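Observations on the model geometry
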Amino acid sequence: NPHPEIPVRSIRMVANPDQAAVPVILGITAVKAGRLTPAQYGLLDQAFAQQEKKTNADLTAWYPCPLDWSGKTEPESALDLSQLNHKPAGKYGFLKVGDSGHFEFEQRPGEKVRFWGMNAAMQGPYPAKDLAPGIARTLAAMGVNLIRIHLFAASDLNRENTLIQEDGTLNPVALDKMDFFFSELRKNGIYIYMDWHDTMLFGRLMQKKFPNKYYAMPVFFNPEFSQVLKQFASSLFTRKNPYTGLSMVEDPAVALFEIVNENSMSDLRNSQGLLPENLDELDALWKQYQEAHGITPVA
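Residues numbered from 1 in each chain as written. Predicted model: local features only at pLDDT ≥ 70, side-chain atom pairs only at ≥ 80, totals over all residues. Heavy atoms only, no water.

For the rest of this paragraph, the subject is the environment of W286. Turning to its location among the elements, W286 is positioned in helix α7 (residues 276-292). Between the alpha carbons of W286 and P297 there is a distance of 8.9 Å; along the sequence they are 11 residues apart. (Helix = DSSP H or I, 4+ residues; strand = E, 2+ residues; numbered from the N terminus.)

A few words now on the packing of aromatic side chains. To describe a pair of aromatic rings, one takes the distance between the centres and the angle between the planes. Counted by the stated rule, this structure contains 11 aromatic pairs. Ring centres of F105 and Y191 lie 5.1 Å apart, and the angle between their planes is 25 degrees; this geometry places the pair in the stacked category. Here Y191 lies in strand β5 (residues 191-197) and F105 lies in strand β2 (residues 103-105), a separation of 86 residues in the sequence. Taking relative accessible area as the criterion, Y191 reaches 1% and is therefore assigned buried. Relative to Y243, the ring of F180 lies with its centre 5.2 Å away and its plane at 70 degrees, an arrangement referred to as edge-to-face. One end of the pair, F180, is in helix α3 (residues 172-187); the other, Y243, is in the loop between α5 (223-237) and β6 (254-260), and 63 residues separate them in sequence. Residue F180 is classed as buried on the basis of its relative accessible area, which comes to 15%. Among the aromatic residues, those joined into a ring-pair cluster are F103, F105, F115 and Y191. One cation-aromatic arrangement involves R148 over Y193; the distance from NZ or CZ to the ring centre is 5.6 Å. (Phe/Tyr/Trp six-rings, centres within 6.5 Å; stacked < 30°, edge-to-face > 60°. Buried < 20%, exposed > 50% of the residue type's maximum accessible area, 1.4 Å probe, protein only. Lys NZ or Arg CZ within 6 Å of the ring centre and 35° of its normal.)

With that settled, consider unusual backbone geometry. Note that the residue after K87, namely P88, is joined by a cis bond; omega there is -5 degrees. Within the element layout of this structure, P88 appears in the loop between α1 (38-54) and β1 (95-97). Positive phi values are uncommon outside glycine, yet Q207 reaches one of about 55 degrees. The residue Q207 is located in the loop between α4 (202-206) and α5 in this model.

A separate point is the packing of helix α2 (residues 132-141) against α3. Working note: a packed helix pair is described by the angle between its axes plus the distance between those axes. One can describe the packing of α2 onto α3 by two numbers: an axis separation of 9 Å at closest approach and a directional angle of 35 degrees. Viewed along their axes, α2 and α3 form a crossing whose handedness is right-handed. Residues A132, P133, I135, A136 and L139 of α2 lie in contact with α3, whose contacting residues are F180, F181, E184 and L185. Each residue belonging to the contact of α2 with α3 can be placed in one class, and the counts come to 8 nonpolar, no polar and 1 charged. (Axes fitted to C-alpha atoms, helices over the stretch in contact; angles between N-to-C directions. Left-handed = near helix turned anticlockwise from the far one by under 90°. Contact = heavy atoms within 4.5 Å. Nonpolar A, V, L, I, M, F, W, Y, C, P; charged D, E, K, R; others polar.)

Across the 5 residues that make up strand β4 (residues 146-150), a large majority, 5, are buried. Of the two faces of β4, the one holding L146, R148 and H150 and the one holding I147 and I149 are both buried throughout. Summarising the sheet, strand β3 (residues 117-121) and β4 pair through 5 bridges and their orientation is parallel. Residue pairing in the sheet places G117 in a bridge with L146 of β4. At this point the chain moves from β3, through α2, to the parallel β4, and the crossover so formed is right-handed. Judged from the 4 bridges that link them, β4 and β5 form a sheet pairing that is parallel. Residue I149 lies in a different strand from β5, and its bridge partner there is M194. (Pairing = 2+ DSSP bridges. Right-handed = clockwise from strand over helix to strand, strands pointing away.)

Bringing a nonpolar patch on the surface into the picture now. Judged by side-chain polarity, V8, I11, M13, I25 and I28 come together as a nonpolar surface patch covering roughly 500 Å² of accessible area. Within the fold, I25 resides in the segment before α1. (Patch = residues over 30% accessible without salt bridge, like charges linked within 9 Å, V, L, I, M, F, W, Y side chains within 5 Å. Areas by Shrake-Rupley, 256 points an atom, 1.4 Å probe, with all protein chains shown as cover. Salt bridge = Lys/Arg side-chain N within 4 Å of Asp/Glu carboxyl O.)

Attention now moves to the pattern of salt bridges. Charged atoms that come close allow side chains of opposite charge to pair. For the coordinates displayed, the defined rule picks out 10 salt bridges. Between D251 and R186 there is a salt bridge, with its nearest N and O atoms 3.1 Å apart. Taken together, the positions of D251 in the loop between α5 and β6 and R186 in helix α3 put the pair 65 residues apart, joining distant regions of the chain. Taken together, the shared-partner salt bridges connect R148, D195 and E258 into one network.

Distances and angles like these do not, on their own, reveal function.
Structure follows, in structure tokens:
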């Protein structure tokens, strides 16, 4: 912007009607001055200083662009994309796969659904309750209409935000934060994509000692592990959210459930460090499968 002192209220792109034209905007960011505290601007300056050491790019003409998570984007302004979301999320019923093979909502048959989203991982699903409304509004203003809740039961960096406590029970403080955040996302038309098994603290859930705190691969073949995971899912997904009055399985704002994240059976023996008893169990199951299907035993 060659005239930063003049407020930009709108941008118009005009193409020659006699020629084919494709308007392209590489990037436009606008921030109102004074939104951050002096301490936050200080951190931003430090970040820019560190970045300058890592690159040869000339940043002298760049303008600071702090992200404001307080949800103060002017409603219906050029920077507010939240009007694209239907509010609340779930107002058109549950998500399903239509006859065309595309996502659609129950009450909008034949109309394709597109999601544009991001992860809220580790500590992400547990923002402080005074910050959650602003975060949800900011995400909606950015055009986000789906949030994937990822690694939500893996983090134990912050005891207050640890979902699975050391005794294997669900942490009521963390649950309250998650419930409130979900209700704010819902209000702003942001759907929930819920992970299930994406790194569970099985040692806590089962009250056992394992080689590491994320020891989980036996869940694919061991009945005790799988039963514990089912119990965890039942306790979390069927409980009522006090802010919505709905459980996750009842709420159409919870659009997707992911059963397993990334893990596979392809290299259990070499990469996952299974306990000897788990390896013996897996070998026995493999032999049973081969015999049941008339397969010549393969080691």
